[in-house]
Amino acid sequence: MGHAQQVDFENLKGLKSVKVSGAVSANTVYYDSNGRNARDPFTYIAQGNIDVSWFSFSMPLGYSYSNQGDNLDYEVPFKFNRLSLHPKYKGIQAHIGDVSMGFSPYTLNGYQFTGGGVELTPKGSWSFSAMGGRLLRAVEPDDDARTQPSFDRMGYGAKLGWEGDTYTLGLIGFYAQDKVNSLSIVPDIEGFAPKENLVVSIAGEWALQKDLKLQVEYAASALTQDSRAEEGDGATANLAGLFLNNKTSTEYFNALKAAMDYNFGNMKVGLGFERIDPSYETLGAYYFNNDFQNITLNASRPVFDNRLQLTFDMGYQQDNLNNQKIQTTNRVVGAINATYKWNDKINLVAGYSNFTTHTNKSLNQFDDINDNDLTDEQLETLDYKQLSQNSNLNLNWILAQSPKNSQNLNLAYSLAASANEQEGIIRVGQANNFHNGNMTYSIGYPKRTLNLSASLNYNYSDIGMNDSQAMGGAVNLGKVFFKNALKTTFGGAYNSTTNEEATSAVLNFRAMGAYTLAKKHNFNLNVVQLFRKTTDQQVLREFTLTLGYTYAFSVGKPQFKKGKQKEVDFGFIYREHEFKGSHQKISSEVSSLIHSPDFASLKEVEGIVRNLALLEKGIRQSEGGKDRKYKESALDYLRHLYKHKDFLDIYHQLTFKSLKLLYRDALRLDLRVEKEYVILQAKINTLKQKGKKVLQVDLESLKRKERQQYAHKWMQQQLNEISYEDITTSKGLLKRFKKKYISKVFDMLEVETPKEVIFEFLQVSFADFYHKRALEDLELE
């Protein structure tokens, strides 16, 4: 449940009415399945957003209640319920309560805290922001392993800016410290200690010429890993170290980012450089990529009378900047995209990208987990390349467009290929190719308010030495009744997947109805029936029914001025959404979209929710101002919402691919582990038969091999039983993994980390995660 209030005293004389607007909704979901699942059979949720406005005073109220509730039976160092106030007067904006602010990516970056902040933007060249409050609350350790003990952490920061005609300058300082005495008992946990952090940043932007712009930011972080440590004698290593008391556990990090953009004619060229020291960290950000250096070049230009738009990107990335790692990775990225408008009816989009990664690493992530001999690490280090290529082609053809009917054809093809090259050779089983083809045909009859669509899809994948293919199709029918009051959709889909191990088929039927009564009452019904058949397994049956109701209202009082005045409502359209009315009314409608079924899954990702909250704050701040500025704030929110609509789908796809490869790696490694176990067992038996002494090191090695063998058998069983539906519904151990890593994956996508890097991150994380769970299950640790 959340509450927010925003007060703007700037234009009190400009408004003459009181209005109450908003929307309330209630949704219930019934779920039934004959398979194993962790979902509740019946859930409900009631939500609402209400705005009360008078003059320029605005008090938004939001609530959410569900029987899912807060089921955590352990402690976490942050709050779920939040209350905030954002009063404003002219160039003074305050933030009070549970709020978040952002100074820059390297200092304070959207971190939520409980306290206060202020932003001063007076008329003139300078601006000032400051904040102070609690970043984390103290949590005492207990016997529950899920409890996250933490110190009470306080943070303070300020940002000073100056803007000239051709330049801007900014200076940022951020300080955070853990209170040592906030815990009665400090647990003896590796890496857990009270921290202290100071970050200083200097940023500037210069327009060197009319079409040439340069941007630079330098940040220095001094982080004391244990504030209880003794005073240090070493010299400070960066700007932040000059202002922080140096201790033996203090570390110093630097970050530098520069970019140059040049426009000449219709062509745009950009050059960028970014370098972040290994282990760079600020306590004002949730997650941070470090230990890398990027050089990027991009260009775009329209040709052929703007019918063809070309964009080009190229980059080089390197890690292990201080040569402290056993492995070093260099990555070269190149991409080109083209959009060609053949005519008013035909559009063609094509793209190609390649990734070449040079690294020294073990070929299989299980090796480092299971290897107990540290003397052969150098021998196991290999000259290794990972090659990836992606290409796509999309054709959209408007076959017909008239009042009687409209027809559209869309053809799409994509290829993702990757290979592992060792010492210049790509061995058998080290090349993967994923082919995807899709064709969609749709026809509509506007006068009959009837739409039909049919699609076919085909996928062929050769992963290592195993091939698989999937094919299927879908049909959908849409019809509108009662003068657009009732919208209905009926559809069905069938997909079949075949590989060397099994064959599975999925059949589902969908029905949806949405009815609008008196323009304010909306009723929604959604029914899904799914059947899934897999070789040697029982047919899985799932039934889901969702029923919802939404009431949107707007109540205004008469104008204070005498005489009738025609009220002109402000409005705009974004995609299929039409917004019309006062700023406060539109704000409620825009911010309530996150609670609709299409976007509800985004609420699982903390980073998305945090960013949307910041954008919603921007919408509220622009209420009562110029329509153009308000519209742009609302569009920023909507663009961000749609940008991340498919984020969870990307996570699920990469997760499924990671687990599939992980299972095959486990099978291959299991043969080696079993062979080593048998050889060592035979050696010990031979020594015993001959009456010779068995070395203790051999007995310990045999015990380790036995642990590995049992662990791998357990892992294979777990991984073999996982289906794509298990991933999307986060069943079993997948729920624990998702909760731990999904925000990190989101942050990686936010900074446009290549999917290949995310895929590798997930694969290594899954290997470590399941290995530990295996040992826990077998009680071998």
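1. Examining the overall build of the chain
Then step 1. Of regular secondary structure, the chain possesses 10 helices and 29 strands.
Then step 2. Per-residue burial for the chain yields a buried fraction of 40% across its 781 residues.
Then step 3. Nonlocal contacts in the chain, meaning residues at least 24 apart in sequence, comprise 58% of its contacts between residues at least 6 apart.
Then step 4. About 43,400 Å² of surface is accessible on the chain, with carbon and sulfur atoms providing 55% of the total.

2. Comments concerning helix 5 (residues 627-643)
Then step 1. In this model helix 5 runs 24 Å from its N-terminal to its C-terminal C-alpha over 17 residues, within 8% of the 24 Å that 1.5 Å per residue would give.
Then step 2. Taken as a whole, helix 5 has its buried residues at Y630, S633, A634, L635, Y637, L638, H640, L641 and Y642.

3. Some words on the nonpolar core
Then step 1. Counting residues in hydrophobic clusters, the biggest one holds 45 residues, and the most contacted among them are F572, L638, L641, L659, L762, F766 and Y770.
Then step 2. Apart from residues lying up to four places away in sequence, L762 is in contact with Y651, L654, T655, S658, F737 and V745.
Then step 3. Of all hydrophobic cores here, the second largest spans 22 residues; its members include V99, M131, A255 and I276.

4. Overview of the pattern of salt bridges
Then step 1. In total, this model carries 13 salt bridges according to the counting rule given.
Then step 2. Note that D152 and K179 form a salt bridge whose closest N and O atoms lie 3.9 Å from each other. Note that D152 is positioned in strand 9 (residues 152-163) and K179 in strand 10 (residues 167-179), a separation of 27 residues in sequence.
Then step 3. Within the structure, one salt-bridge network assembled from shared partners comprises E616, R620 and E623.

5. Points about the environment of N390
Then step 1. The topology assignment puts N390 in strand 19 (residues 382-401).
Then step 2. Since its relative accessible area comes to 23%, N390 is described here as partly exposed.
Then step 3. Separated by 24 residues in sequence, N390 and S414 have C-alpha atoms that sit 7.4 Å apart.

6. Comments concerning the packing of helix 3 (residues 583-591) against helix 5
Then step 1. At a minimum axis distance of 11 Å, the contact between helix 3 and helix 5 shows a crossing angle of 5°. Overall, the two elements helix 3 and helix 5 adopt an arrangement that is roughly parallel. Where helix 3 approaches helix 5, its residues H583, I586, S587, V590 and S591 are matched on the opposing element by D627, Y630, Y637 and L638.
Then step 2. Class assignment of the residues belonging to the contact of helix 3 with helix 5 gives a composition of five nonpolar, three polar and one charged.

7. Observations regarding the layout of surface pockets
Then step 1. Roughly 920 Å³ of internal volume is contained in the second largest pocket.
Then step 2. Around the second largest pocket, the lining is made up of 34 residues, and of these K88, E119, T121, Q621 and K629 lie nearest the centre.
Then step 3. When contributions to the lining of the second largest pocket are tallied by element, the ones reaching two or more residues are strand 6 (92-102), strand 7 (109-120), strand 8 (126-136), strand 9, helix 4 (606-622) and helix 5.
Then step 4. Considering every element that reaches the lining of the second largest pocket, the biggest residue donor is helix 4, with seven residues.
Then step 5. Its residues placed into classes, the lining of the second largest pocket shows nine nonpolar, 14 polar and 11 charged.

8. What about the pairing of strand 16 (residues 308-319)?
Moving residue by residue along a regular strand, the side chains alternate between the two faces of the sheet.
Then step 1. Taken together, the 12 bridges between strand 15 (residues 292-303) and strand 16 define a ladder with antiparallel strand orientation. Residue F292 lies in a different strand from strand 16, and its bridge partner there is D319.
Then step 2. Hairpin connection between strand 15 and strand 16: a loop of four residues separates the two successive antiparallel strands, and F304 in this loop has a positive phi of roughly 55°.

9. Some thoughts on the pairing of strand 15
Then step 1. Alignment of strand 14 (residues 267-276) against strand 15, held across nine bridges, turns out to be antiparallel. Among the inter-strand pairings, R275 is bridged to a residue of strand 15, identified as Q293.

10. Brief notes about the packing of aromatic side chains
Then step 1. Within this structure, the stated rule accounts for 11 aromatic pairs.
Then step 2. Seen in terms of ring centroids, Y340 and W342 are 5.8 Å apart; in terms of plane orientation they differ by 90°. Their pairing is edge-to-face.
Then step 3. Here Y340 falls in the partly exposed class, since its relative accessible area comes to 23%.
Then step 4. An aromatic cluster of three or more residues is present, and its members are F570, F572, F579 and Y630.
Then step 5. Its end group placed over the ring of Y445, R448 keeps NZ or CZ at 5.8 Å from the ring centre.
Then step 6. A cation over an aromatic ring shows up here: K479 above the ring of F481, its NZ or CZ 5.6 Å from the ring centre.

11. Observations regarding the side chain of S353
Then step 1. As for its placement among the helices and strands, S353 is situated in strand 18 (residues 346-361).
Then step 2. Leaving out residues up to four positions away in the same chain, S353 has contacts with G334, A335, S388, Q389 and N390.

12. Some words on helix 3
Then step 1. Most of helix 3 sits inside the fold, with eight of its nine residues counted as buried.
Then step 2. Among all positions in helix 3, only H583, Q584, K585, I586, S587, S588, V590 and S591 are buried.

13. Some points on the side chain of K617
Then step 1. With respect to the element layout, K617 can be found in helix 4.
Then step 2. Lacking a salt bridge, the buried K617 has E119 as its closest oppositely charged neighbour, with an N-O distance of 4.4 Å.
Then step 3. A distance of 3.4 Å separates a polar atom in the side chain of K617 from the backbone oxygen of S100.

14. A word on unusual backbone geometry
Then step 1. The phi dihedral of T449 falls on the positive side, at around 50°, and the residue is not glycine.
Then step 2. Looking at the secondary structure, you find T449 in the loop between strand 21 (431-445) and strand 22 (450-463).
Then step 3. With a phi angle near 55°, F482 is a residue other than glycine that sits in the positive phi range.

15. A word on the environment of T250
Then step 1. Among the secondary structure elements, T250 is positioned in strand 13 (residues 250-264).
Then step 2. Beyond its immediate chain neighbours, meaning those up to four positions away, T250 contacts L223, T224, L244 and N245.
Then step 3. Within polar-contact distance, the side chain of T250 engages the side chain of T224 at 2.9 Å.

16. Side note on the confidence of the model for the chain
Then step 1. Per-chain confidence: the chain averages 77 in pLDDT, with 71% of residues scoring 70 or above.
Then step 2. The spread of mean pLDDT over the elements of the chain runs between helix 2 (residues 377-380), the lowest at 39, and strand 10, the highest at 95.
Then step 3. Across residues 1-16 the pLDDT falls below 50, and counting only partners more than four positions away or on other chains, this stretch makes 54 contacts in the model.
Then step 4. This stretch, residues 558-568, has a pLDDT under 50; its non-local contacts, to residues over four places away or in other chains, come to seven contacts.

17. Focus: the environment of S406
Then step 1. Within the element layout of this structure, S406 appears in strand 20 (residues 406-422).
Then step 2. Residues S406 and Y445 lie 39 residues apart in sequence; the distance between their C-alpha atoms is 6.6 Å.

18. Notes on a nonpolar patch on the surface
Then step 1. There is a patch of nonpolar side chains on the surface, built from W126, L160, W162, Y167, L169, L171, I202, W206 and L208 and spanning about 850 Å² of accessible area.
Then step 2. With three residues, the top contributor of residues to the nonpolar patch is strand 10.
Then step 3. Following the sequence through the fold, W206 ends up in strand 11 (residues 196-207).
Then step 4. Exposure remark for W206: the relative accessible area of 31% places this residue in the partly exposed category.

What counts, and at which threshold
- Residues numbered from 1 in each chain as written.
- Predicted model: local features only at pLDDT ≥ 70, side-chain atom pairs only at ≥ 80, totals over all residues.
- Heavy atoms only, no water.
- Helix = DSSP H or I, 4+ residues; strand = E, 2+ residues; numbered from the N terminus.
- Buried < 20%, exposed > 50% of the residue type's maximum accessible area, 1.4 Å probe, protein only.
- Contact = heavy atoms within 4.5 Å.
- Areas by Shrake-Rupley, 256 points an atom, 1.4 Å probe, with all protein chains shown as cover.
- Expected span 1.5 Å × (residues − 1).
- Core = buried A, V, L, I, M, F, W, Y, C linked by side-chain atoms within 4.5 Å.
- Salt bridge = Lys/Arg side-chain N within 4 Å of Asp/Glu carboxyl O.
- Axes fitted to C-alpha atoms, helices over the stretch in contact; angles between N-to-C directions.
- Parallel < 35°, antiparallel > 145°, perpendicular 65-115°, else oblique.
- Nonpolar A, V, L, I, M, F, W, Y, C, P; charged D, E, K, R; others polar.
- 1 Å grid on protein atoms, 1.4 Å probe; cavity = no way out; pocket = protein on both sides within 12 Å on 5 of 7 lines; lining within 4 Å.
- Points joined across faces, edges and corners; volume = space filled by probe spheres on them.
- Pairing = 2+ DSSP bridges.
- Phe/Tyr/Trp six-rings, centres within 6.5 Å; stacked < 30°, edge-to-face > 60°.
- Lys NZ or Arg CZ within 6 Å of the ring centre and 35° of its normal.
- Lys, Arg positive; Asp, Glu negative; His and termini not counted.
- Polar contact = N/O pair within 3.5 Å; in protein donor to acceptor, adjacent residues only side chain to side chain.
- pLDDT = per-residue confidence, 0-100.
- Patch = residues over 30% accessible without salt bridge, like charges linked within 9 Å, V, L, I, M, F, W, Y side chains within 5 Å.

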